[in-house]
Amino acid sequence: MNDKNFGLSIEEFEKMVIDLKKNDTNFFEKVFLNQFKETMRYLQKEYSALHEDAYDATMDALIDFRKRFVEGKLQYGNLRFLFTKCASQVYFKNKKGNTNAELTQEIDREMEEEDGREEEISWLGEAWELLGVSCKELLKWHYYGKMKLAEIAEQQEKPAAAIRKQKERCVKQLKELFRQKSEIL
């Protein structure tokens with residue numbers, strides 16, 4: 001067992017990254033739950049962090065790690081050290097970050113921007129629900145999971161050109177459904 005890589009073999013690591021690209025987080029969650037608690041304890045002991053601050057920093061680090069895995073920015077190596085280091089940096093950034101007043105102003109600005117987009121988001125959600133299952137899956141893998149079309153083609157055992165065409169049709173269909181929803185309402 002490779003402790004510095006959360007007990008993952010290189011094959012398990014690669015499988016976890018592929019699963020994350022497909023938005024399947026089950027294995028990722030199992031691997032990181034133990035490390036999550038350990039990292040929180042480390043921040044509390046090493047930096048006298050409050051429980052809430054350690055939790056927030058570790059959660060932010062976990063979210064950042066998931067994103068970096070999906071984007072291919074993290075490689076198999078000393079992941080345990082890297083995760084702890086990332087959580088420590090987030091903790092220090094949060095400690096000297098925004099004051100409550102600045103944070104409140106930032107949240108207020110974001111909420112004002114959100115109000116203008118809520119209607120469009122609703123239309124997009126309705127259009128998404130009308131989209132077929134295979135289109136939803138393909139678009140999630142490609143856009144949310146950051147999988148390359150060639151990777152998707154390999155996973156589905158189809159030619160890359162067929163997946164590229166399918167993606168184009170799905171995007172076009174989603175745009176059309178969105179346009180129809182916005183015209184109706």
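Quick note: structure is the one above.
The notes below deal with the structure included here.

Reading the values: the criteria
- Residues numbered from 1 in each chain as written.
- Predicted model: local features only at pLDDT ≥ 70, side-chain atom pairs only at ≥ 80, totals over all residues.
- Heavy atoms only, no water.
- Helix = DSSP H or I, 4+ residues; strand = E, 2+ residues; numbered from the N terminus.
- Contact = heavy atoms within 4.5 Å.
- Salt bridge = Lys/Arg side-chain N within 4 Å of Asp/Glu carboxyl O.
- Axes fitted to C-alpha atoms, helices over the stretch in contact; angles between N-to-C directions.
- Parallel < 35°, antiparallel > 145°, perpendicular 65-115°, else oblique.
- Left-handed = near helix turned anticlockwise from the far one by under 90°.
- Nonpolar A, V, L, I, M, F, W, Y, C, P; charged D, E, K, R; others polar.
- Phe/Tyr/Trp six-rings, centres within 6.5 Å; stacked < 30°, edge-to-face > 60°.
- Buried < 20%, exposed > 50% of the residue type's maximum accessible area, 1.4 Å probe, protein only.
- Lys NZ or Arg CZ within 6 Å of the ring centre and 35° of its normal.
- Disulfide = S-S within 2.5 Å.

Describing the overall build of the chain
Argument step 1. In terms of helices and strands, the chain carries eight helices and zero strands.
Argument step 2. Ordering the α and β elements of the chain from the N terminus gives α-α-α-α-α-α-α-α.
Argument step 3. Restricting to contacts in the chain with at least 6 residues of sequence separation, those with at least 24 account for 66%.

Points about the pattern of salt bridges
Side chains that carry opposite charge are capable of pairing whenever their charged atoms lie near each other.
Argument step 1. Counted under the stated rule, the structure contains eight salt bridges.
Argument step 2. Residue Glu129 is joined to Lys136 by a salt bridge in which the shortest nitrogen-to-oxygen separation is 3.8 Å.

Concerning the packing of helix H7 (residues 149-156) against helix H8 (residues 160-184)
Argument step 1. Running from N to C, H7 and H8 point in directions that differ by 115°, and their axes come no closer than 8 Å. If you check the angle between H7 and H8, you find them roughly perpendicular. Judged by the twist between their axes, the crossing of H7 over H8 is right-handed. Each of Leu149, Ile152, Ala153 and Gln156 in H7 lies in contact with H8, whose residues at this interface are Ala160, Ile163, Arg164, Gln166 and Lys167.
Argument step 2. Partitioned by chemical class, the residues of the contact of H7 with H8 number five nonpolar, two polar and two charged.

Notes on the packing of aromatic side chains
Argument step 1. Evaluation of the coordinates by the stated rule reveals nine aromatic pairs.
Argument step 2. Relative to Phe69, the ring of Phe13 has its centre 5.6 Å away and its plane inclined at 70°; by these criteria the two rings are edge-to-face. Residue Phe13 is found in helix H1 (residues 10-21), and its partner Phe69 is found in helix H3 (residues 51-70); the two are separated by 56 residues along the sequence. The same class applies to Phe13 as to Phe69, namely buried.
Argument step 3. In this structure an aromatic cluster arises from ring pairing among Phe13, Phe65, Phe69, Tyr76 and Phe83.
Argument step 4. The ring centre of Trp141 lies 5.3 Å from the NZ or CZ of Lys22, which sits over that ring.

Details of the environment of Tyr143
Argument step 1. Among the structural elements, Tyr143 can be located in helix H6 (residues 133-144).
Argument step 2. The spacing of Tyr143 and Lys21 is 122 residues in sequence and 9.2 Å in space, taken between C-alpha atoms.
Argument step 3. In this structure, Tyr143 is in contact with Lys167 and Val171, ignoring residues within four places of it in sequence.

Focus on the state of the cysteines
Argument step 1. Summed over the entire model, instances satisfying the criterion amount to one disulfide.
Argument step 2. Between the sulfur atoms of Cys135 and its disulfide mate Cys170 the distance is 2.1 Å. The sign of the S-S torsion, about -75°, decides the handedness of the disulfide formed by Cys135 and Cys170: left-handed. Residue Cys135 is found in helix H6, and its partner Cys170 is found in helix H8; the two are separated by 35 residues along the sequence. An identical accessibility class is assigned to Cys135 and Cys170; each is buried.

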